[in-house]
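Spelled out, the chains give:
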Amino acid sequence: MGGLFGVRAAGLRCARGPRDPEPARAVRCQCPDPLPFKGGPSWTRERTLVAVKPDGVQRRLVGDVIQRFERRGFTLVGMKMLQAPESVLAEHYQDLRRKPFYPALIRYMSSGPVVAMVWEGYNVVRASRAMIGHTDSAEAAPGTIRGDFSVHISRNVIHASDSVEGAQREIQLWFQSSELVSWADGGQHSSIHSA
Ligand code: UDP
Ligand code: MG
């Protein structure tokens, strides 16, 4: 019950201020579950790979990206910073290997560390594609990550898987299963299962 950390958070409850004479337990309120699908019958554990590319890491955008995904209600189940091996990049971008920009893409993705993450949530694949925005920064809508930060299609800050099947393939490519956690309760509390 206590999970790996041996604790279980109190959950989302309203508490009175320090000057209030009433004990906090008297004012527990019925806060709505902010993540209604988690644990419900329609909830499936969809996961996607998101990676902040070398330009995004260099420009100190990692925190902003994490904050956007957390605020959207998604759950972080894996994260690491690494210099991506060329073999991983070649497999990751295998569908693009005949494109004229492919050599430059591999050079760009090898030019510094990336921060790879796995996010989990309801429809997370589709939602994260909407959050990152169009591949070409000229087309990316304001409010999307690329629309807010990217200056050119060849320096577009972030990657997110474009299908559920692609996400499964990319997660296996970038992460060992032992590097991913499985939250006991969808990530709302502090207990976690083993990977
Ligand atoms: N890319 C590029 N020039 C192009 C098209 C794509 O440099 O004309 C790069 C860009 O970094 C893009 C990546 O190749 O993010 C993968 O392309 P894809 O079409 O899969 O776009 P994405 O799924 O990243 O939006
Ligand atoms: Mg793509």
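Residues numbered from 1 in each chain as written. Chains lettered and ligands numbered in written order. Predicted model: local features only at pLDDT ≥ 70, side-chain atom pairs only at ≥ 80, totals over all residues. Heavy atoms only, no water.

## Points about the UniProt feature "binding site: ATP" (unreviewed entry) in the protein
We count it as follows: UniProt positions are given in the numbering used here, feature names are shortened, and annotations may be inferred rather than shown by experiment. Grid points spaced at 1 Å and placed over the protein atoms alone form the basis of the search, with a cavity being a set where a 1.4 Å probe fits but cannot get out and a pocket an open set showing protein on both sides within 12 Å along at least five of seven lines. Lining residues have an atom within 4 Å of a point. Runs of E in the DSSP output that reach at least two residues are strands. Runs of H or I that reach at least four are helices, and both are numbered from the N terminus. Each residue is placed in one exposure class: buried if its accessible area under a 1.4 Å probe, protein chains only, is under 20% of its type's maximum, exposed if it is over 50%, and partly exposed if it falls in between. We call two residues in contact when some of their heavy atoms are within 4.5 Å. Here a polar contact is recorded for every N or O atom pair within 3.5 Å, except that within protein the pair must consist of a potential hydrogen donor and a potential acceptor, and residues adjacent in sequence are included only if both atoms are side-chain atoms.
Look at the UniProt record and you will see "binding site: ATP" (unreviewed entry) annotated at K53, F101, R129, T135, R146 and N156. Checked against the lining of the largest pocket, the annotated residues reduce to K53, F101, R129, T135, R146 and N156. Locating R129 in the fold gives a position in helix 5 (residues 124-132). With a relative accessible area of 29%, R129 lands in the partly exposed category. In this view, R129 contacts T135, A160, S161 and D162; residues no more than four positions away in its chain are not counted. Relative to the elements of secondary structure, N156 occurs in the loop between helix 6 (145-149) and strand 4 (158-160). Excluding residues that lie within four positions of it along the chain, N156 makes contacts with K53, D55, Y108, T135, R146 and S150. A polar contact of 2.8 Å, which involves the side chain of N156, links it to the side chain of K53.

## Describing the site of ligand 1
Which entries qualify depends on this criterion: Throughout, near means a residue has at least one heavy atom within 4 Å of the molecule or strand. With residues, only the protein chains shown are counted as cover, and all accessible areas are computed by Shrake-Rupley using a 1.4 Å probe. Throughout, a molecule is located in a cavity or pocket provided that more than half of its atoms lie within 2 Å of its grid points. Residue polarity follows a fixed list, in which Ala, Val, Leu, Ile, Met, Phe, Trp, Tyr, Cys and Pro are nonpolar, Asp, Glu, Lys and Arg are charged, and the others, Gly among them, are polar.
Every residue near ligand 1 is listed here: K53, Y93, L96, F101, L105, R129, T135, R146, I153, S154 and N156. In the model, an oxygen atom of ligand 1 is placed 2.9 Å from a nitrogen or oxygen of the R146 side chain. For ligand 1, an oxygen atom lies 2.8 Å from a polar atom in the side chain of N156. Here ligand 1, which alone exposes 500 Å², has 78% of that area covered by the protein. When atoms are counted within 2 Å of each cavity's grid points, the one that captures over half of ligand 1 is the largest pocket. In terms of residue class, the shell around ligand 1 is made up of five nonpolar, three polar and three charged.

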